[in-house]
Every structure is written in structure tokens, then in C-alpha cells.
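# Chain and residue survey
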Number of protein chains: 2
Amino acid sequence: MPIAQAIDDLKTLLGERVSLSKSDLDAHGASESYFPSTPPQAVVYPRTTEEVRDIVKICAKADVPMIGWGAGTSLEGHGQALRGGVTVDFRHMNRVLEIRPADMDVTVQPGVTREALNEELRATGLFFPVDPGANASLGGMAMTRASGTTTVRYGSMRDNVMGLEVVLADGRVIRTGTRARKSAAGYDLTALMVGSEGTLGLVTELTLRLHGQPEAVSAGICAFPDMNAATACVMETIQMGIPLARIEFACAQTARAFNAYAGTDMAEAPHLMVEFHGSPQSTEQDAERFAEIVADHDGSAFRWSAREEERRALWAMRHNGYYAILASRPGARAVVTDICVPISRLAQAVEATQADIAASGLPGPILGHVGDGNFHAILLVDPDQPAELDKAKDLAARMATRAIQLGGTCTGEHGVGYGKLPFMQSEHGDAWQVMGSVKTALDPQNLMNPGKLVPSN
Amino acid sequence: MPIAQAIDDLKTLLGERVSLSKSDLDAHGASESYFPSTPPQAVVYPRTTEEVRDIVKICAKADVPMIGWGAGTSLEGHGQALRGGVTVDFRHMNRVLEIRPADMDVTVQPGVTREALNEELRATGLFFPVDPGANASLGGMAMTRASGTTTVRYGSMRDNVMGLEVVLADGRVIRTGTRARKSAAGYDLTALMVGSEGTLGLVTELTLRLHGQPEAVSAGICAFPDMNAATACVMETIQMGIPLARIEFACAQTARAFNAYAGTDMAEAPHLMVEFHGSPQSTEQDAERFAEIVADHDGSAFRWSAREEERRALWAMRHNGYYAILASRPGARAVVTDICVPISRLAQAVEATQADIAASGLPGPILGHVGDGNFHAILLVDPDQPAELDKAKDLAARMATRAIQLGGTCTGEHGVGYGKLPFMQSEHGDAWQVMGSVKTALDPQNLMNPGKLVPSN
Ligand SMILES: Cc1cc2nc3c(=O)[nH]c(=O)nc-3n(C[C@H](O)[C@H](O)[C@H](O)COP(=O)(O)OP(=O)(O)OC[C@H]3O[C@@H](n4cnc5c(N)ncnc54)[C@H](O)[C@@H]3O)c2cc1C
Ligand SMILES: Cc1cc2nc3c(=O)[nH]c(=O)nc-3n(C[C@H](O)[C@H](O)[C@H](O)COP(=O)(O)OP(=O)(O)OC[C@H]3O[C@@H](n4cnc5c(N)ncnc54)[C@H](O)[C@@H]3O)c2cc1C
């Protein structure tokens, strides 16, 4: 059956909520990073699980690829329609279905964004901690196994998704997980789905773990004479077990980009930005212990504050980091690297990366969630100079290889999409073929976000 | 090819380390709970991954089932050779391969027991927290997704296994995971394997997350006038966010069994046993806050101690709970239930269970890891009275159904084996069939621990 028939059937099902407009198709073919546009043939906007199920049945019958779409902020071309098909945009499935304060969990539809959820939770004394900076959707975050600034303390989506409702490629609707704190009842399908990037099914509901809003929060920033001093400080802080809620690194170039973008006056030197959660006493103690480690590594006086405006300004700056860096080279596109290494290898990884960037001549500011051993070099390329893109890709490949050799991963949080496909074999060996077997078992027609994550065959 | 040929080939490979002795076969056909003996046709004792790979190839060629064996302490008939075959006993693969204090992780062979590992870690200031009471093997614990007394603070095997080496049914050896703190590089095969009960492959190496030994530890015990007071105290403590390292419940019958078994003089009333980890100040504060909640629920004075001997005695008593309860009815066998519910439903679940047990007339002491919403009723049956076993099974089935209705699971930690198979469909619906599809994809001949966990077809 040709796609035209599927689109007709979708219109019968959804009416106006099937879009074929060029602008809509283009918006769903675009990527936040350097990938060329690859639009789908239609975009649909379901409101219910039943609609998603019927969409899947219609597309499966017509052999039409289906691509989930949350907020579209993923960085490895995850949501692009490489083989055409129908993009399923979850923006209208954006209800918080049930908050259960006594169990510290919540059930949401996939289109709810993390900011909207936290807004809704504010009065309960609870919050959802996973924070990828971008105002991503919770469905998209689950699908990329997102993490972020607070993962060092609260974990990633792996740790905070308790259960899912998923529409499989054949239209079956399954529920994974329970609301119990733990279970040993069979394969962990929740964990299998989290990070699967829409290649195994479409997520229509999530149950998430919540955390108590900390009684006290303090945050601060300090500068270091060089990169090694900063990374040594991170490693020592983590190894001493000081309970950080956030610890972010920004290199000198990143500091310069912040200054230009946000009008701040940071020294053009490597910085650490940290946050502590706890009681007024514990956060003060933690900040003091941290300040001592900073001093031991020749850091600048560690200024910290418990005032909310100052903290907000700090993290707003951090969250705009990507855009600040992009703006530092007007017209540039970004090749975003995302390696993550064991904490003992952090200094080595950062140092080798910086030397490599310096040798390449490309602008490549570094920033990242160093408490997890995860950092990004944002390689800025002129889209009109293919040689620059090649150079950036080579550099990114060397970083990935190095991270894998150090016992780490080519992607700590952004995921595979199709941008990281070239490193999957070397990172996983035969385990990558096993991922392919799981994919084939659940999606034999290869209709769910084809061309992503697993080997193509 | 008949099994005789496979056994010949195994002898060529392993020599003396193939056992056909009746006592050895019987020992590997036995179960800690009520299941009848189902011995394998041979037991093999590999020393290396390569030997395991060759064992798998020999068995696969001859269509012979393979069953992994760690310490044999699992409770749902997990390790029984339901269809005959070869049991692969990992006791000689018991080396701690590498401890990396700076990264707080360790790589071990699967036959290392948790006690042996912690013994080896003692001098490093680190420890491995997952504690199922029994001195289980780490391979077995990973395969059942074990948890235990400290899970309320440190998580289960799901949270503490970073990576695995697995020999698949076709003899391929794969590595899952990395040593980075997080990764978004494809399907989470580590999580898929953890809890798979040897149905997807044999584990030959594990990389585990370690934790810092707490600076200070204090523990204590208190009695309550009734079950509801105790469960209400648990729920309030958890909801207040008091950082417990352990919180265990024992009912009045369990207290009586402890007294008889260990010569203690506990009141014959419901008890909570708790432990706090932290600094001397924080553990004292936590204990004081807990004591207030206990008092609010009419608990006895909360006696706590930071002295190691007292703590050891307390947890030794708790760890012997199962045997103390078994001894309370000489000659009895146990049907062990393991439900886990959202914490807000704990009181309701315990109350309904106790009423059900009382009505049944069977002895059924209750104890468990109530901080996770998980508890066990140990239903004691006379093995010579089939009617008692039926009654116990009916009761266990009602408990499972109730737990599922309350948003929980039929097994919080023991796993499925074949004892919990009857509840899988009602707990998971179609997701159980999906587990079956994953199984078939990785083990099309159904040779890895057949008859367990997935639907049989
Ligand atoms: C400035 C900036 C900073 C960032 N920082 C971080 C960071 O710190 N940490 C981090 O982890 N990421 C970060 N990212 C990447 C991005 O925010 C994350 O990958 C995020 O999880 C994507 O969510 P989304 O809602 O935008 O998903 P989308 O991009 O819409 O989709 C992501 C993937 O999930 C699939 N999908 C979406 N919804 C569903 C559904 N309901 N069912 C099935 N499949 C679905 C899509 O097909 C796609 O494969 C950053 C991005 C930007 C632009
Ligand atoms: C007194 C008592 C108390 C207990 N308390 C708890 C508790 O608090 N929490 C808890 O979780 N459990 C508890 N258990 C159950 C048991 O200790 C756990 O299930 C434990 O994880 C089993 O480990 P094992 O080494 O004994 O595994 P085994 O029983 O030997 O095997 C368990 C399963 O794993 C498979 N397997 C073992 N090794 C491998 C391998 N290397 N590769 C592939 N498959 C393998 C086996 O085939 C089997 O399916 C208790 C048991 C007893 C007797």
C-alpha cells in the first residue's frame, strides 16, 4: 500500500491533526546540530494512546516509517525522517495525569516538558531532577536516556523512569514496570525502552520518580589557572564523597562566549560551577570543604550564595551555554561531542581533547557535566566549508575512540541517533549486533525510527 | 546428537571438572524452598570465560539445556534443571579481578560471593552494598536482580551493576556497559541481562559500583503495639526523607522465632530494625528524628547503638530470619512470598496479608525490607500434607494479585524462576509476551535455563 493511502486513513482518524504543510514538514526534518534537513511526508498530532495505536496500525499496514517527536532538541539527528514516513509529534499529549506525593511519583503524558512538570510540582515540595538544559519533553528525554547537570546527585532517566506505556510496532500497547520501588519480575523492559530512541515503539505514558525539594540550596563558581587544576579539583571532590548536586565545567573559551552572550564578566579561564542540596548547615559545610579543595588546586576564591536570583542567573548562563557558543561564531553549525569516561581518566581525556582541538585550528569550546566524567566539545564549523565539517568529524571520531579506550563511552547522554552510529561497533563489538536482534524481534518490519541506533541490514 | 556425546566432549574439555556423581547432581537439583528435586544430567565447573564459551558451544550443538549456578540460594526454583541438561557451576570462577578505588568500581568473576568481595574490599575504605542476607554469588545476585536490607539507601543489583561479560546461547561472548558513570550509547543490555535469571546467557564477569564505607554507623531496634503502628512509622519515616540505610520489619511471630533460634529476649510484638550511615553527628540526628516518629506511633523506646558488636548481632539475627522461621516448625518447607507495593500501600498490604494468613490457619511469619515496600510471608507447610501446600500456594497467589492491584509486583527481589510464573501474565499482560520475543531472539533453541521466567511455547 502506498503512503498516500496511509495519509488518507490518518486524515480519517485525526482530521486536521494530520499536517502536510511544507513548513511543518521542514520543522520536523530539521536538527539542532549539523545534519541536513530530512523531512517526513506527514506530521500527525495524536491526543490519546488509542490514537497512537491506530496511527501505528495504519502505518504498519502501509509499511510506512514512524518517527516520534518530543521537543526536537536532540543532537544526533534522532528525529530525522531518514527514510521518509510519518512523524508523530506528541505536543498535544501534554497532561500531568497523576501526582502521588505519598509515593513520590508522577504519571505524565510524553509531551509534558520538564519545565512544565516542575512548574506543576512546585507546590507539592517535590521536583523532577533530570535537567538536560534544553526544555525537552519527558518522552524525548526517556527515549534518549537524558541526563544533565543534576545527574551527579539524582541520576539520569535510567534511574528516574519507573514505568512506561508503549505502543509497539504491531500496535500492541504494553505497560512496563510497576509503581513499586523495585521488582525482580522478569526482564527490565523499562530499562530496555529507556534510551531506545523510538526504535522499539512509541511512548504514550511515563511514570517518574520524584525527589523532595531540598531544604537549602547553595551554588557558586570559581576559576582555575588551567584545565588540569580544574579537573584535578573535580576528581578529588568526587573521590572525597562531597555530595554535589551539580558540578559543571566551562573552559576559557566558553567563559568568553558567556561574557559576550550574557554580558557577564567571568575571567577568561577554566571555571567550575557547583551546587549543593541539603540543610542550611550541610550545604554550608559542603561548600566549605569544596572551597578548601579549590584552594588546594590554586582556584580563585570560591564565591557561593544561597540566594535564589544568583543561582538562577548562574544556571541560566550554563543552560544557554550551547547557544552562547554557537553565537561566538556567527553562522556556524555545531558538531557536538559527548564523551564520558571513568572519573580517574577525566583529566587525561580533557587534556588530550584540548590538544587535539588546538591542533585542528577549529573553535571548540568545552563544557560539561564533569562530575559524571562527561563533557562536550562544541566544534564550530562553517556550513559552507565541507572541509571544516570533515575535520570536525575526524576530531569527534578521535575523541570517541579515545573515550572508548579509556573505558568510557562515545555518548554519555545525547544518544546515538545516526550521528554516533559510526562508533557503535567499536564501543560494543558483538553486543551491537545483539541490539539489532532485539530490534528485529520487536520491530521486524523496521518501521520504528529506521536508520537509527542499531546496525542497518 | 544425544547428551552422551555432549558429556564426552565436555570431559575432553574439562576433565575431572565434569561431574556425574549422584550427590553432585542432587545438590544441583535441590532448592532452598518447597520445589521438588530436579537434577541435571551433569555438572561442570569452568575456570575461564573461554571454557564457558566452549561448554556453550558443545551444549548448543547437542541441543542440551544449560543452567547457571552461583551459590544456589535462590528461592523460586531458579536453578533447577526442569528439562535436564548441564548445570554450569561458577564456584571456581571466584577471583576479584581488579579493584579501582579512584573510580569506585571493581571487576569480579561471577562466583565471588558478596561476603568474599567485602572481605577483599575492607582495607580500601569501599564496600559493595547489596545484601540479600544469604551469602550469594555476585553472578547469581545479578541474575535475580537481588536486593536486600540496604537497598532503601544504595539500590539493588539494577543500580550497582555497571557492565557484564556474557556468553550467549550461540557461544558469542559480549560485553555490555562501560566503566563510565552513565552512557546513552544504545539499548541498555546490562539492565536487560540483570534479572534475566540465566535465560539469555551465562555471565562470566561483572563490573560493579562500590560505595565509600560510612564514617559512622548506628543501628537500633524498637517494638510496636501492633502491625499498623509499625507500618505507619515506616511510611512516615520514608516520606519525611530521613536517610535510612536499612529499615526491616519483623512481626510478632518472627520475633518469637528469633528468640527461640538465637536466644534473644525480644518482646513478642512487631519490631523495626534500622540503621543509619553518615557522620557521627548526622547518624545521631537521624536516630533522634526517627525516635520521635517511633514515639508518635506508640513504639517502645528506640534503643540504638554505634557499637559494632551490637550491630553485628542485630543483623546476624535478621539474616538468620529465614532459618529461624523454618526452625519454628520442625520439618516444614517454606512457600516464600515476596510482594512489593508503593510505600503508601504498605499498611494496607501487610494488614490484608496478615488477615489472610490468620484465616488460613497456616503459620506465616512476616518480615521484610519495608523501606522499599517489600515484605515476605514465610508460609510453613508440612511437606507430607499436599493440602497444606495447596493452601499456601492459594494464599501466595492472593497476595500476588493484591500487590499487583495496588500498583506493585509479585516479586520485589527473589525473581520469577518457575515459582512465580503463574503471576507473570497478570502482572505484565502483553509485556510478558514481549519478554518471550526477546528471549527467542537471543536464544532461539531455548537452551538457556528453559522453563523459567518467559512464557513457554
Ligand atoms: C542546548 C541544548 C542542551 C542540551 N543539553 C543536554 C544535556 O545536558 N543532557 C542531555 O541528555 N541532552 C541534552 N541535549 C539534548 C536533548 O535536549 C536531549 O536529547 C533530550 O532528551 C531530547 O528531548 P526532546 O523532547 O527534544 O526529544 P526529541 O528530540 O523530540 O526526540 C528524541 C528522540 O526520542 C524519540 N521520541 C521522542 N518522543 C518520543 C515518544 N513519545 N515515543 C517514542 N519516541 C520518541 C525521537 O524519535 C528521537 O529519536 C541538549 C540539547 C540542546 C539543544
Ligand atoms: C535465607 C535467605 C535469604 C534471602 N534473602 C534475600 C534477600 O533479602 N534479597 C534477595 O534478593 N534475595 C534473597 N534470597 C534469595 C537469594 O539469595 C538471591 O536470589 C540470590 O541473588 C541468589 O544468588 P545465588 O548465587 O545463590 O544464585 P543461584 O541460586 O545459584 O542462581 C540464581 C539464578 O541465576 C542463575 N545464575 C547464577 N549464576 C549465573 C551465571 N554466572 N550466569 C548466568 N546465570 C547464572 C541461575 O541459573 C539461577 O537462575 C534469600 C535466600 C535465602 C536462602
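So, how was this worked out
Residues numbered from 1 in each chain as written. Chains lettered and ligands numbered in written order. Predicted model: local features only at pLDDT ≥ 70, side-chain atom pairs only at ≥ 80, totals over all residues. Heavy atoms only, no water. UniProt positions renumbered as here; feature names shortened; annotations may be inferred. Contact = heavy atoms within 4.5 Å. Buried area = accessible area lost by both parts, 1.4 Å probe. Salt bridge = Lys/Arg side-chain N within 4 Å of Asp/Glu carboxyl O. Polar contact = N/O pair within 3.5 Å; in protein donor to acceptor, adjacent residues only side chain to side chain. Helix = DSSP H or I, 4+ residues; strand = E, 2+ residues; numbered from the N terminus. Pairing = 2+ DSSP bridges. Axes fitted to C-alpha atoms, helices over the stretch in contact; angles between N-to-C directions. Buried < 20%, exposed > 50% of the residue type's maximum accessible area, 1.4 Å probe, protein only. Near = heavy atom within 4 Å. Areas by Shrake-Rupley, 256 points an atom, 1.4 Å probe, with all protein chains shown as cover.

Going by an unreviewed UniProt entry, chain A carries the name D-lactate dehydrogenase (cytochrome) and comes from Antarctobacter heliothermus. As stated in UniProt under Cofactor (unreviewed entry), the record for chain A gives "FAD".

Facing the 64 residues of chain B at the interface are 64 residues of chain A. Of the roughly 5,400 Å² buried between chain B and chain A on both sides combined, carbon and sulfur atoms contribute 59%. Looking at the side of chain B facing chain A, the largest losses of area belong to R158(B), K182(B) and Y187(B), adding up to 18% of the total buried there. Taken together, the links from chain B to chain A amount to 6 salt bridges. At the surface where chain B touches chain A, the tally comes to 33 residue pairs in polar contact (both at pLDDT 80 or more). Broken down by secondary-structure element, the contributors of at least two residues to the side of chain B that touches chain A are β9 (173-177), α8 (189-193), α16 (424-428) and α17 (430-442) of chain B.

The next thing to look at is the sheet that holds strand β18 (residues 376-381) of chain A. Residues and elements named next belong to chain A. Taken in spatial order, the 7 strands make up an open sheet running β15-β12-β14-β13-β17-β18-β16, and their pairing is antiparallel. Two strands close off the open sheet at either side, each with one partner strand: β15 (303-305) and β16 (333-336). Each strand of the sheet is rotated relative to its neighbour by a mean of 20°, with strand direction disregarded. Pairing of strand β17 (residues 366-368) with β18 involves 2 bridges; the strand directions are antiparallel.

Let us look at the pattern of salt bridges. Residue and element names in this part refer to chain A. All told, the structure shown has 58 salt bridges over all chains when counted by the stated rule. The partner of E51 in a salt bridge is R17, with the nearest N and O atoms 2.8 Å apart. Here E51, found in helix α3 (residues 49-61), pairs with R17, found in the loop between α1 (3-14) and β1 (18-19); they are 34 residues apart in sequence, far enough to count as distant. In this structure E51 comes out as buried when scored by relative accessible area, which is 15%. Of the residues examined, R17 reaches a relative accessible area of 16% and is grouped as buried. The salt bridge involving D105 is made with R100; its shortest N-O contact spans 2.6 Å. Look at D105 and you get buried, because its relative accessible area is 0%. The exposure class of R100 is buried, given its relative accessible area of 14%.

This part is about the site of ligand 1. Residues and elements named next belong to chain A. Around ligand 1, the structure places 36 residues, and the nearest of them are G68, G70, S74, P132 and S137. Between ligand 1 and G72, the relevant distance is 2.8 Å, taken from an oxygen atom to a main-chain nitrogen or oxygen of the residue. Protein burial of ligand 1: of its 970 Å² of free accessible surface, 97% is covered by the chains. Elements with a minimum of two residues in the shell around ligand 1: β3 (66-69), α5 (138-144), β10 (201-209) and α13 (321-327). By residue number, the principal contributor to the shell around ligand 1 is α5, which donates 5 residues.

Residue and element names in this part refer to chain B. Tracing the backbone shows Y418 in the loop between α15 (386-405) and α16. Taking relative accessible area as the criterion, Y418 reaches 21% and is therefore assigned partly exposed. Here the alpha-carbon distance between Y418 and F127, two residues 291 residues apart in the chain, equals 32 Å. Each residue touching Y418, except ones within four places of it in the same chain, is listed here: F35, P36, E76, G77, Q80, L82, G451 and K452.

Locating H428(B) in the fold gives a position in helix α16. The exposure class assigned to H428(B) is buried, which follows from its relative accessible area of 11%. Leave out the neighbours within four places in its chain, and H428(B) touches R175(A), A185(A) and M435(B).

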